[in-house]
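# Understanding the architecture of this molecule
Take a look at the letters that make up each chain.
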Amino acid sequence: MKNFAKFSFILFLSLALFTGCEKSLGYGVLLWNLDDKNLSDGEIVKVYIKSNISGTYVVEKLDNDEKFEIPLWQITEPVSKKKALEKAQSYGEFENVYARVLLDGLPMRAESQNVSKQVYRLRENEVIRVFAQGQGEKPRTGNKEIEGEWLKVMAKDGTTGWCFSHSLHLFKMKAGEKAWSDKKEESTESREDDVLKAILESRWYPESFAEMIEKKIVDPSVMKASYGFEISNNTIRLQDASTEVSFTYSGIEKISKNRYKFTDTPIEVTSRAKDAISVSYTDESGKPKMYKMITLKDNIEKILEAEVIRREKLYRAILATSSDYSSSNYGSLHFTQDGKFTWKKFNQLIPTLLDKGVKGNGSVGIKYFVGEKLKNDYDGVLTFSFENMNREVSFLYKLESTGLRLEDTNKTHMNGNIVEERSRNPLVLYFAK
């Protein structure tokens with residue numbers, strides 16, 4: 001049935017185009033330049049046929065009898081010639097006015113309000129038609145209004161709405177002309193802001209991540225893939241161990257060289273280098289905070305996965321030597337495949353290393369790193385978490401051919417998650433396999 005309807009319309013359209021139509025639907029005002037017919041917006045055409053199936057009108061130029069199809073959105077609804085002339089005149093100063101979008105993701109809103117529903121998301125360098133200036137509350141950056149006006153606009157698919165002009169470059173264009181002038185002064189205005197583009201397109205991580213990767217001291221409890229600063233679909237997300245916030249912004253204001261304010265948010269970003277930025281954020285209590293961020297060449301998930309595998313290999317090496325170790329002075333140790341331990345007869349370690357009343361089971365694993373000075377003497381740091389003791393107990397360890405040597409780190413010099421130096425009088429525990 002649908003195919004028959006389409007065929008009937010095509011047949012009717014063909015007859016209309018080649019034999020002409022006496023009765024018209026009225027007159028419409030062109031809303032967008034029609035280059036192939038040399039018709040500019042604001043000109044009037046005679047309308048003959050409307051097809052909701054193909055989404056087109058059949059129209060005729062007023063200066064000749066040529067008939068052609070045009071999308072429904074590209075002209076106003078057919079009315080009398082007098083009303084069409086009045087409609088054309090109503091565009092006034094905005095006749096032939098278009099705009100180029102300067103910000104990727106700029107929202108087109110249903111009303112001239114920054115909180116109004118978003119009806120369309122514009123792309124950078126997209127060209128839109130401008131119809132009128134409207135009234136509405138201007139977006140603000142802090143206590144300062146952003147320069148610009150609300151404009152009624154239309155995208156090239158016919159979607160209409162409102163945009164704030166701060167992120168638009170307006171120009172006049174008639175049929176057959178380029179989307180924007182090649183004049184020197186305009187080409188300067190239309191030059192891309194490469195700094196802002198890099199900020200928007202990059203995924204940013206805490207600066208400390210780069211140091212951990214460079215020194216090969218990746219700590220999965222501190223380095224998380226979700227941490228950092230990212231921008232997507234007009235939404236900003238900022239997260240670290242103590243902060244997790246997100247904001248929706250309506251535009252971006254360049255405050256000074258390499259410094260940008262995201263409107264309707266407490267976020268400012270400063271580019272420090274090609275791969276480094278500072279993010280300034282004022283929290284709900286009014287306290288200012290600043291985060292230094294960088295980009296990473298390597299995939300952070302792969303980096304974290306590699307560190308987990310490295311730690312697992314170290315632990316597996318202990319199990320490969322033996323899962324059971326014993327000492328005449330410090331009891332016996334049993335390690336399991338899933339990172340658990342059982343420690344019996346450890347009374348001599350109370351209260352020097354262990355709390356009174358502690359039970360000898362819990363989890364064990366590789367958590368800290370050995371400093372450069374100690375790498376030749378120790379394989380790593382083994383950390384025990386007893387089930388009924390609030391603090392961890394860590395030992396430098398060395399796998400030997402006959403067993404496992406542990407050395408307490410209770411009074412060692414720690415630099416973050418690195419054991420840099422031994423204790424002056426360490427307690428050394430030897431367990432035979």
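See the structure printed just above.
A quick note: this is a predicted structure, and the numbers were derived from the prediction, not measured. (Residues numbered from 1 in each chain as written. Predicted model: local features only at pLDDT ≥ 70, side-chain atom pairs only at ≥ 80, totals over all residues. Heavy atoms only, no water.)

### So, the overall build of the protein
Quick note on the threshold: By the criteria applied, helices consist of DSSP H or I runs no shorter than four residues and strands consist of E runs no shorter than two, each listed in order from the N terminus. What the globule rule says is 2.2 Å times the number of residues to the power 0.38, and the radius of gyration is computed from C-alpha atoms. The rule is simple: take the accessible area with a 1.4 Å probe, protein chains only, and divide by the maximum for that residue type; under 20% is buried, over 50% is exposed, in between is partly exposed. Only heavy atoms matter for contacts: two residues are in contact if any of them lie within 4.5 Å across the pair. Each accessible area value is a Shrake-Rupley result obtained with a 1.4 Å probe; residue values ignore everything except the protein chains displayed when judging cover.
A tally of regular secondary structure across the protein gives six helices and 33 strands. For the protein, the C-alpha radius of gyration of 35 Å lies well beyond 22 Å, the compact-globule estimate for 433 residues. Seen through its principal axes, the protein has C-alpha atoms that stretch 110 × 55 × 40 Å. Looking at the protein residue by residue over its 433 residues, the buried ones come to 43%. Restricting the contact set of the protein to residue pairs at least 6 apart, pairs at least 24 apart contribute 51%. When the accessible surface of the protein is totalled, it reaches about 24,100 Å², and 48% of it is carbon and sulfur.

### What to know about the packing of aromatic side chains
Note the following rule: Here a Phe, Tyr or Trp ring, Trp counted by its six-membered ring, pairs with any other such ring whose centre lies within 6.5 Å, and the pair is stacked when the planes are under 30 degrees apart, edge-to-face when over 60, and tilted otherwise.
What the rule picks out here adds up to 19 aromatic pairs. Note on Tyr 91 and Phe 131: the rings are 5.6 Å apart at their centroids and 40° apart in plane angle, and the pair reads as tilted. On the criterion of sequence distance, the pair formed by Tyr 91 in the loop between helix H2 (81–90) and strand E5 (97–101) and Phe 131 in strand E8 (residues 127–134) is long-range, its members being 40 residues apart. Centre to centre, the rings of Tyr 315 and Phe 335 are 6.3 Å apart; their planes meet at 85°, and the pair counts as edge-to-face. Of the two residues, Tyr 315 sits in helix H6 (residues 300–321) while Phe 335 sits in strand E24 (residues 331–335), which places them 20 residues apart along the sequence. Residue classification places Tyr 315 among the buried residues on the basis of a relative accessible area of 4%. Put simply, the rings of Tyr 315, Tyr 325, Phe 335, Phe 341, Trp 343, Phe 346, Phe 384, Phe 386, Phe 395 and Phe 431 pair up and form one aromatic cluster.

### With respect to the sheet that holds strand E27 (residues 369–370)
Going by this rule: Here the rule is simple: two strands pair whenever DSSP picks up at least two bridges between them.
Within the open sheet, the three strands sit side by side as E27-E32-E31. Their pairing is mixed. Since the sheet does not close on itself, it has two edges, and those belong to E27 and strand E31 (413–415), each with one partner. Across three bridges, the pairing between E31 and strand E32 (residues 418–421) is antiparallel. Its bridge partner lying in E32, Asn 415 is registered against Ile 418.

### Quick word on the nonpolar core
Quick note on the threshold: What we call a nonpolar core is a set of buried Ala, Val, Leu, Ile, Met, Phe, Trp, Tyr and Cys residues that are connected through their side-chain atoms within 4.5 Å.
Phe 229, Leu 238, Phe 262, Ile 267 and Val 279 are the most contacted members of the largest nonpolar core, which totals 36 residues. The residues touching Phe 262, leaving out its near neighbours within four places in the chain, are Leu 200, Ile 231, Ile 236, Tyr 249, Gly 251, Ile 252, Ile 267 and Val 269. Counting 27 residues, the second-largest nonpolar core is a separate cluster that includes Tyr 315, Tyr 325, Trp 343 and Ile 366.

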